[in-house]
Amino acid sequence: MTILSKLAACTALGLTLCAGAATAQDKPTIVTVVKVTGENWFTRMNQGVDAYGAEHTNVATSQIGPAKADAAQQGRIIEDLVAKNVSAIAVVPMDPAALEGVLRRAGQRGIKVITHEGDSLVNTAVDIEAFDNAAFGRRINEKLAACMGQSGKWTSFVGSLGSLTHNQWVDAGAENAKKYPGMELVAAKNESFNDANKAYEKAKEILRRYPDIKGFQGSSAIDVIGIGRAVEEAGLQDKTCVYGLGLPKDTGPYLETGAVDEIFFWDPKDAGYVMNVVANMVLDGKEVTDGMDLGVPGYNKVSVKKGPGKGVIVQGEAWVDVDKASYKNYPF
């Protein structure tokens, strides 16, 4: 059919009807915005985003993120998506507070906002947490305390001071450590900006300032890699305890040498997938309800509570602990 004949057809049928037919041919677009592109954690997450799109051809899914972990850059990416009027944005915020404005504008445009690791956010329809964040932080710290014999100096790392979940974990860890008078927290909340080299340099600095330090609690998935490298170079793997978030393949070499003692994680692939599950539900006008099975491991019986805004917080039970003996059971 020629352009002229298409226009004639539209005139005959009515412009509104033709516009509706064109819209029906367009798929809803769900774009997942991560903290940083290239980090293995978010590369794994992208597998979940792609898997959901491949299995649900009624929507178009994709993932994007800044080249470095920076809240301002992440905000600009979201601003661009708002301008493009995508259907839904699923965000893993670098700094939740810094994104409130742009997420509010997204909502005002009718774009559905789903978040992960952002339970303080007001401008989200659904925030998805893999687990109770305070319990996760206490768990890591309790393992660290046991390794340290419940005494000695220890420190904590975060991706950034604005990274909500990281701060929830180390704050819960610091509170847990108060049970043990012999434990002393020093130079808390070192920022790695999700960069293993920065974590490495910070760890070396800590080892110089506190040569008797015994414990490290990491929060970004790459913190333990940088810390482990510094500990291994210093030959201190038998004198220090390193615990924190990490991925098995990335951290495996340091688990083998003892430079890292144990890692804690949830599968980013499952998190990417479940964010898109929920985004599609919200686009369809469906609610996530307490006890619901979202069809993803760790999210088979979710708890739901009201969030700080009009949305809800959905919490799963998805965390895993592994050490040298068990990390090879996980192929990522």
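Just so we're clear, the structure is a prediction, and the values are computed from it rather than from any experiment. Note that residues are indexed from 1 along each chain, following the sequence as it is written. For this predicted model, a pLDDT threshold of at least 70 governs which residues receive local features, and a threshold of 80 or more governs which side-chain atom pairs are given and counted, while totals over whole chains, interfaces and linings are taken from all residues. Side-chain numbers come from the whole structure's heavy atoms, not from hydrogens or water.

A. Region of the structure containing the nonpolar core. Here the nonpolar core consists of buried residues drawn from Ala, Val, Leu, Ile, Met, Phe, Trp, Tyr and Cys, with membership extended through side-chain atoms lying within 4.5 Å. Exposure classes here rest on a 1.4 Å probe applied to the protein chains alone. A residue is buried below 20% of its type maximum, exposed above 50%, and partly exposed in between. With 80 residues, the main nonpolar core has Trp41, Phe216, Trp266, Leu294 and Tyr299 as its most contacted residues. Counting from the N terminus, the helices are the DSSP runs of H or I reaching at least four residues and the strands are the DSSP runs of E reaching at least two. At nine residues, the largest contribution of residues to this core is made by helix H11 (residues 268–283). Here, residues are in contact when the closest pair of their heavy atoms is within 4.5 Å. In contact with Trp41, not counting residues within four places along its chain, are Ala221, Leu245, Gly246, Leu247, Phe265, Trp266 and Pro268. Counting residues in each nonpolar core, the second largest holds 16 residues, with Ile77, Val86, Leu99 and Leu121 among its members.

B. Representation of the pairing of strand E13 (residues 312–315). Taken together, the four bridges between strand E5 (residues 126–129) and E13 define a ladder with parallel strand orientation. Among the inter-strand pairings, Glu129 is bridged to a residue of E13, identified as Gln315. Across four bridges, strand E12 (residues 303–306) lies against E13 in antiparallel orientation. By the bridge assignment for E13, Lys306 is matched with Val312. Pairing between strands requires that DSSP locate at least two bridges from one strand to the other. Taken together, E12 and the strand that follows it, E13, pair antiparallel across an intervening segment of five residues.

C. Focus on the pattern of salt bridges. We count a salt bridge whenever a side-chain nitrogen from Lys or Arg sits within 4 Å of a carboxyl oxygen from Asp or Glu. Tallying each qualifying case throughout the model produces 16 salt bridges. A salt bridge links Asp171 to Lys189; its shortest N-O distance comes to 2.9 Å. Linking Asp171 in helix H7 (residues 164–177) with Lys189 in the loop between strand E7 (183–185) and strand E8 (190–191), this pair joins segments that are 18 residues apart in sequence. Overall, the relative accessible area of 40% leaves Asp171 in the partly exposed class. Judged by relative accessible area, Lys189 falls into the partly exposed class, the value being 27%. For Glu233, the salt bridge identified is with Arg229, shortest N-O distance 3.5 Å.

D. Just the confidence of the model for the protein chain, in detail. Residues at a pLDDT of 70 or more form 92% of the protein chain, whose mean pLDDT is 93. On a scale of 0 to 100, pLDDT captures the predictor's confidence in every residue. Contacts for the low-pLDDT stretch residues 1–25, under 50 throughout, to residues beyond four places or in other chains number four contacts.

E. Up close: empty space enclosed by the protein. Cavities and pockets were defined on a 1 Å grid built from protein atoms only: a cavity is a group of points that admits a 1.4 Å probe but offers it no way out, a pocket is an open group of points flanked by protein on both sides within 12 Å along at least five of seven lines, and a lining residue is one with an atom within 4 Å of any such point. Grid points are joined across faces, edges and corners, and a volume is the space filled by probe spheres set on the points. Counted by the stated rule, this structure contains one cavity of 30 Å³ or more. For the largest cavity, the calculated volume is near 60 Å³. Contributing elements (two or more residues each) for the lining of the largest cavity: helix H3 (40–55) and H7. The nonpolar class holds Ala, Val, Leu, Ile, Met, Phe, Trp, Tyr, Cys and Pro. Asp, Glu, Lys and Arg form the charged class, and all remaining residues, Gly among them, are polar. Here the lining of the largest cavity is built from residues that sort into six nonpolar, three polar and three charged.

F. Representation of the environment of Arg208. The topology assignment puts Arg208 in helix H8 (residues 196–209). Under the relative-accessibility criterion, Arg208 is labelled exposed at 62%. A C-alpha to C-alpha distance of 15 Å links Arg208 and Lys198, two positions ten residues apart in sequence.

G. The arrangement of the sheet that holds strand E3 (residues 88–91) in detail. Reading across the sheet, the seven strands line up as E2-E1-E3-E4-E5-E13-E12 and stay open at both edges, with mixed pairing between neighbours. Lying at the two open borders of the sheet, with one neighbouring strand each, are strand E2 (60–64) and E12. Between one strand axis and the next, the sheet turns through 20 degrees on average, direction left out of account. Of the pairings in the sheet, the one linking strand E1 (residues 29–33) to E3 comprises four bridges and is parallel in character. Here, axes are lines fitted to C-alpha atoms. For helices the fit covers the stretch in contact, and angles between N-to-C directions go from 0 to 180 degrees.

H. How the structure looks around the packing of H3 against H11. For the pair H3 and H11, the least separation of the axes is 6 Å and the interaxial angle reads 40 degrees. As summarised for this structure, H3 and H11 are arranged oblique, according to the angle between their axes. Between H3 and H11 lies a crossing whose hand is right-handed. In this structure, H3 uses Trp41, Arg44, Met45, Gln47, Gly48, Val49, Ala51, Tyr52 and Glu55 to contact H11, whose residues at the interface are Pro268, Lys269, Ala271, Gly272, Tyr273, Met275, Asn276, Val277 and Asn280. For the contact of H3 with H11, the per-class residue count stands at ten nonpolar, five polar and three charged. Any angle from 65 to 115 degrees is called roughly perpendicular, while one under 35 is roughly parallel, one over 145 is roughly antiparallel, and all others are oblique. Here a crossing is taken to be left-handed if its near helix is turned anticlockwise relative to the far helix by less than a right angle, and right-handed if that turn runs clockwise.

I. Spotlight on the layout of surface pockets. A volume near 220 Å³ is recorded for the largest pocket. Together, 13 residues line the largest pocket, and Gly107, Ile111, Asn123, Thr124 and Ala125 are the ones closest to its centre. When residues of the lining of the largest pocket are traced back to their parent elements, those giving at least two are helix H5 (96–108) and strand E4 (112–116). In terms of residue count, the dominant contributor to the lining of the largest pocket is H5 (three residues). Looking at side-chain class alone, the lining of the largest pocket contains six nonpolar, four polar and three charged residues. Approximately 170 Å³ is the volume found for the second largest pocket.

J. Local environment of H5. To estimate how far a helix should extend, the number of its residues minus one is multiplied by 1.5 Å. With 13 residues, H5 extends 18 Å from end C-alpha to end C-alpha; this agrees with the ideal 18 Å at 1.5 Å per step. Of all the bends in H5, the largest measures some 35 degrees and sits at Val102. Within H5, burial applies to Pro96, Leu99, Glu100, Val102, Leu103 and Ala106. Tucked inside the fold, the buried residues of H5 contact helix H4 (71–84), E3, E4 and H7. Gly110 sits one or two residues past H5 and shows a positive phi near 90 degrees. Working definition for bend: take the seven residues up to and ending at a residue and the seven starting at it, fit an axis to each, and measure the angle between the axes.

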